[in-house]
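Read off the chains here:
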Amino acid sequence: MAAKYKSDFLNVLDQRGFIAQISDAEGLDSLAAKGPITGYVGYDATATSIHIGNLITVTMLYWLQETGHKAISLMGGGTSMVGDPSFRDDQRSLLSVEKINANIESIKRVYSNVLRYDGPNPAIMVNNADWLLELKYVEFLRDVGRYFSVNRMLSFDSVKLRLDREQSLSFLEFNYMIMQGYDFVELNRRYGCVLQMGGSDQWGNIINGVELSHKMGGQQLYALTTPLLTKASGEKMGKSASGAVWLNGDLFSPYDFWQYFRNAEDADVGRWLRIFTRLPLDEIGR
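How each quantity is defined
Residues numbered from 1 in each chain as written. Predicted model: local features only at pLDDT ≥ 70, side-chain atom pairs only at ≥ 80, totals over all residues. Heavy atoms only, no water. Buried < 20%, exposed > 50% of the residue type's maximum accessible area, 1.4 Å probe, protein only. Helix = DSSP H or I, 4+ residues; strand = E, 2+ residues; numbered from the N terminus. Contact = heavy atoms within 4.5 Å. Pairing = 2+ DSSP bridges. Axes fitted to C-alpha atoms, helices over the stretch in contact; angles between N-to-C directions. Left-handed = near helix turned anticlockwise from the far one by under 90°. Nonpolar A, V, L, I, M, F, W, Y, C, P; charged D, E, K, R; others polar. Salt bridge = Lys/Arg side-chain N within 4 Å of Asp/Glu carboxyl O. Phe/Tyr/Trp six-rings, centres within 6.5 Å; stacked < 30°, edge-to-face > 60°. Lys NZ or Arg CZ within 6 Å of the ring centre and 35° of its normal. Right-handed = clockwise from strand over helix to strand, strands pointing away.

**Q** An account of helix 2 (residues 25–34) is needed here, citing residue identities and associated values.
**A** For helix 2, the set of buried residues is Gly27, Leu28, Asp29, Ser30 and Ala32. Lining the buried residues of helix 2 we find helix 1 (8–15), strand 1 (21–22), strand 5 (195–199) and strand 6 (222–226).

**Q** Kindly report on the side chain of Ser73, identifying the contributing residues and their values.
**A** Relative to the assigned elements, Ser73 resides in strand 3 (residues 70–76). Apart from the residues lying within four places of it in its own chain, the contact partners of Ser73 are Val41, Leu61, Tyr111, Tyr117, Ile124, Met125 and Val126.

**Q** Give a detailed account of the sheet that holds strand 4 (residues 124–127), specifying residues and quantitative values.
**A** Across the sheet, which stays open at both edges, the 6 strands sit in the order 1-6-5-2-3-4 with mixed pairing between neighbours. Bordering the open sheet on either side are strand 1 and strand 4, each of which pairs with just one other strand. With 5 bridges joining them, strand 5 and strand 6 adopt parallel strand pairing. Opposite Met197, over in strand 6, you have Leu224 as the bridge partner.

**Q** I'd like to hear about the packing of helix 1 against helix 3 (residues 52–66), residue by residue, with values.
**A** In the contact formed by helix 1 and helix 3, the axes pass within 9 Å of each other and the chain directions differ by 145°. Taken as a pair, helix 1 and helix 3 cross one another with a handedness that is right-handed. Packed against helix 1, whose contacting residues are Phe9, Val12 and Leu13, the element helix 3 presents Met60, Trp63 and Leu64 at the interface. Looking at the contact of helix 1 with helix 3, its residues break down into 6 nonpolar, no polar and no charged.

**Q** Outline the pattern of salt bridges, listing residues and values.
**A** Side chains that differ in sign of charge can pair as their charged atoms come close. Per the stated rule, a full pass over the model turns up 8 salt bridges. When the shortest N-O distance is used, the salt bridge between Glu186 and Arg190 registers 2.8 Å. Of this pair, Glu186 and Arg190 both sit in helix 10 (residues 176–191), 4 residues apart, which is roughly one turn of the helix. The exposure class assigned to Glu186 is buried, which follows from its relative accessible area of 9%. Judged by its relative accessible area of 41%, Arg190 falls in the partly exposed class. Taken together, the shared-partner salt bridges connect Glu186, Arg189 and Arg190 into one network.

**Q** If you had to explain unusual backbone geometry to someone new, which residues and values would you point to?
**A** Positive phi outside glycine occurs at Asn121, with the angle close to 50°. Tracing the backbone shows Asn121 in the loop between helix 4 (97–111) and strand 4. We classify Asn121 as partly exposed; its relative accessible area is 26%.

**Q** Give a detailed account of the packing of aromatic side chains, specifying residues and quantitative values.
**A** Scanning the entire structure with this criterion turns up 10 aromatic pairs. Centre to centre, the rings of Phe261 and Trp272 are 5.5 Å apart; their planes meet at 80°, and the pair counts as edge-to-face. Of this pair, Phe261 sits in helix 12 (residues 254–262) while Trp272 sits in helix 13 (residues 266–276), and the two are 11 residues apart along the sequence. By relative accessible area, Phe261 is classed as partly exposed at 23%. Pairwise contacts between aromatic rings join Phe257, Tyr260, Phe261, Trp272 and Phe276 into one cluster. If you follow Arg278 out to its NZ or CZ, it ends over the ring of Tyr62, 4.1 Å from the centre.

**Q** Pulling in residues and values, what's your account of the pairing of strand 2 (residues 38–44)?
**A** Within strand 2, 5 of the 7 residues are buried, which leaves it mostly tucked inside the rest of the structure. Where strand 2 meets strand 3, 7 bridges bridge the pair, whose relative direction is parallel. In the sheet register, Val41 faces strand 3, and the bridge partner there is Ser73. Note that the unit made of strand 2, helix 3 and strand 3 has a crossover that is right-handed.

The structure is reproduced here in structure tokens:
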């Protein structure tokens, strides 16, 4: 397959089917071709495990690290106290700090199976509670909140769909996208992070961070999303007869996990091998 980009990182993602949208493909490609960049994916700790849909973005971090760049897995110790309202009909149950921290410890085991947290070019794990819980409310509203247009926030699908169904959206949840945007700016300040990746349903939230950095006089940041994975039948991937396909064995057994992929439709096999394995592309093609 002919290379579309100058950087190994974007070529790998492109050839393996990871790319849905990039905020500035040419700018990101040039930066990644010049030398190492730092990128992250954020995960809220609303359960004791992440699921197969999250594995797609963890694997994007794997390829970021594998092509010589710096990977950050951001744990949402702060944002989990609010809960992402995106595409939900009701408010998430509020979790205690103790429960969130226990979930984070459980989720960490999954990441260490995919990313290298020691040795050369180690990935790092960061918790947004380190800065979000230290913010002073009025100062945060003045310094960050003033850059967010309520009119625009109401236009995002993640909010609009909830309101169109006449479901209540709490002020607490409405703050989530401001917190996520601020995470990106803070990670840039602390670690020089210039790229946020996520599922295509997070595009609006990620772009908020790119725009916030610009409005606050910060560095040029970049957004990259992956398509939400559906089966050849059109069904959303990640659901089994017994529920979500979790990555922790105590929630979804290794045998059931193996069986889930073993029963894949033929039309899905090539795509899933490119996304979920490290097999060379020519071997997958064969």
